[in-house]
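# Coordinate inspection notes
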Amino acid sequence: MASDGAVTQAVALKKRPPAYPAELARQEIPGRVVLVFVVGQSGRPENVRIEYASHPLFAKAVLAVVPEWRFEPARDAGGHAVRTQMRVPLTFLLD
């Protein structure tokens, strides 16, 4: 959901993937996390929360990297950066 007046969506510039938790990899457990956050006007994630995690270690892995993520923020018709909410599903699969 973009803020009122947003005409462009936020675009990921730097989005390092989370590390697969070693304990879960050894057990060959796949996982899924749904992450919800706001991309602020500065392009940094804010108000980060886990909406769903198939295992707490997957959630921990995601929360460890999200502070490093950067985005080109959403823009309004005048070109001004606006806050926008994002919902990002992440899947952990073994090769």
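It should be noted that the structure appears before, not after, this text.
Residues numbered from 1 in each chain as written. Predicted model: local features only at pLDDT ≥ 70, side-chain atom pairs only at ≥ 80, totals over all residues. Heavy atoms only, no water.

## Some points on the packing of aromatic side chains
- Per the counting criterion, the structure on display carries five aromatic pairs.
- Where phenylalanine 37 meets tryptophan 69, the ring centres are 6.2 Å apart and the plane angle is 70°; that geometry is what we call edge-to-face. Of this pair, phenylalanine 37 sits in strand β2 (residues 31-39) while tryptophan 69 sits in the loop between α2 (56-65) and β4 (70-72), placing them 32 residues apart in sequence. Tryptophan 69 matches phenylalanine 37 in its accessibility class, with the two residues each being buried.
- Here a set of aromatic residues connected by ring pairs shows up, and it is made of Tyr20, Phe58 and Phe92.
- Lying over the aromatic face of tryptophan 69, lysine 15 brings its terminal NZ or CZ to 5.3 Å of the ring centre. (Phe/Tyr/Trp six-rings, centres within 6.5 Å; stacked < 30°, edge-to-face > 60°. Helix = DSSP H or I, 4+ residues; strand = E, 2+ residues; numbered from the N terminus. Buried < 20%, exposed > 50% of the residue type's maximum accessible area, 1.4 Å probe, protein only. Lys NZ or Arg CZ within 6 Å of the ring centre and 35° of its normal.)

## Describing α2
- Here α2 has its buried residues at Phe58, Ala59, Ala61, Val62 and Val65. All buried residues of α2 lie within an arc of 160° about the axis, which places them on one face of the element. Set apart from the buried face of α2 by more than 90 degrees, the exposed residues are Pro56, Lys60 and Ala64.
- Of the surrounding elements, those touching the buried residues of α2 are α1 (22-26), β2, β3 (45-53) and β7 (84-92). (Arc of directions from axis to C-beta. Contact = heavy atoms within 4.5 Å.)

## A closer look at the pattern of salt bridges
- In this structure the tally under the stated criterion is four salt bridges.
- Residue arginine 16 pairs with glutamate 68 through a salt bridge whose shortest N-O separation is 2.8 Å. With a gap of 52 residues between them, arginine 16 in the loop between β1 (11-14) and α1 and glutamate 68 in the loop between α2 and β4 connect regions that are remote in the sequence.
- Exposure remark for arginine 16: the relative accessible area of 40% places this residue in the partly exposed category.
- Note on glutamate 68: relative accessible area 29%, which makes it partly exposed.
- Put simply, arginine 75 and glutamate 72 hold a salt bridge, and the shortest N to O gap is 2.6 Å. (Salt bridge = Lys/Arg side-chain N within 4 Å of Asp/Glu carboxyl O.)

## Some remarks on the pairing of β3
- Inspection of the sheet shows β2 paired to β3 by six bridges, in the antiparallel sense. Among the inter-strand pairings, valine 38 is bridged to a residue of β3, identified as glutamate 46.
- Where β2 hands over to β3, the hairpin turn is made up of five residues, of which glycine 43 adopts a positive phi near 90°. (Pairing = 2+ DSSP bridges.)

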